[in-house]
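# Chain and residue survey
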Amino acid sequence: MSVVDSYDAHCVRPERYGTNVAMTSVVITSKWQVTIPEEIRKEVPSLEIGQRLRWEVVGGVLTARPVRGIEELSGCLKSDDLPALSRADEKAAIQRARAEHYATKHRKP
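Residues numbered from 1 in each chain as written. Predicted model: local features only at pLDDT ≥ 70, side-chain atom pairs only at ≥ 80, totals over all residues. Heavy atoms only, no water.

## Observations concerning the overall build of the protein
When helices and strands are counted, the protein shows five helices and two strands. Taken from the N to the C terminus, the helices and strands of the protein come in the order α-α-α-β-β-α-α. Burial status across the protein gives 1% buried among its 109 residues. Taking all contacts inside the protein whose residues are at least 6 apart in sequence as the whole, residues at least 24 apart take part in 0%. (Helix = DSSP H or I, 4+ residues; strand = E, 2+ residues; numbered from the N terminus. Buried < 20%, exposed > 50% of the residue type's maximum accessible area, 1.4 Å probe, protein only. Contact = heavy atoms within 4.5 Å.)

Printed below as a string of structure tokens:
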């Protein structure tokens, strides 16, 4: 066991992180890239090639989280107060908003 492995074994506390802790070491390349190891990819089956990750540093801990796609956000802002629009009404509202924005932004003095 190397010094790094020994350090990892003593620093991981399942009571703090839960029982399903997946940890492994990777090397940062000269281009600052890392490869997500297979055992980690198996723990997060929703990861896909080309998917974006959001990097966060909280309390000195680096974490990568998948960025949610727009499809996953569909319906999260639903409101019972607003009437449902047909696809045609939705497109018309978007065109009106674009036209209004363009007229405001490019108005001649």
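## Here we look at the confidence of the model for the protein
Per-residue confidence for the protein gives a mean pLDDT of 77, with 72% of residues at or over 70. Ranking the helices and strands of the protein by mean pLDDT puts strand 1 (residues 53–58) first, with 92, and helix 2 (residues 14–17) last, with 45. Note that residues 1–10 has pLDDT below 50 and, in this model, two contacts with residues that lie over four places away or in other chains. In this model residues 12–18 is a low-confidence stretch, pLDDT under 50, and it forms four contacts with partners more than four residues away in sequence or in other chains. (pLDDT = per-residue confidence, 0-100.)

## Things to note about the pattern of salt bridges
Summed over all chains, the structure comprises four salt bridges. Where Arg54 meets Glu56, a salt bridge forms, and the shortest distance between an N and an O atom there is 3.0 Å. Linked through salt bridges whose partners overlap, the residues forming this network are Arg54, Glu56 and Arg65. (Salt bridge = Lys/Arg side-chain N within 4 Å of Asp/Glu carboxyl O.)

## Quick notes on helix 5 (residues 87–105)
In this model, helix 5 (19 residues) spans 27 Å end to end at C-alpha, consistent with the 27 Å of a helix rising 1.5 Å per residue. Burial runs low along helix 5: only zero of the 19 residues are buried. (Expected span 1.5 Å × (residues − 1).)

## Some details on the pairing of strand 2 (residues 61–66)
Inspection of the sheet shows strand 1 paired to strand 2 by six bridges, in the antiparallel sense. Bridge pairing links Val57 to Leu62 in strand 2. Between the end of strand 1 and the start of strand 2, which pair antiparallel, lie two residues, with Gly59 showing a positive phi angle near 60°. (Pairing = 2+ DSSP bridges.)

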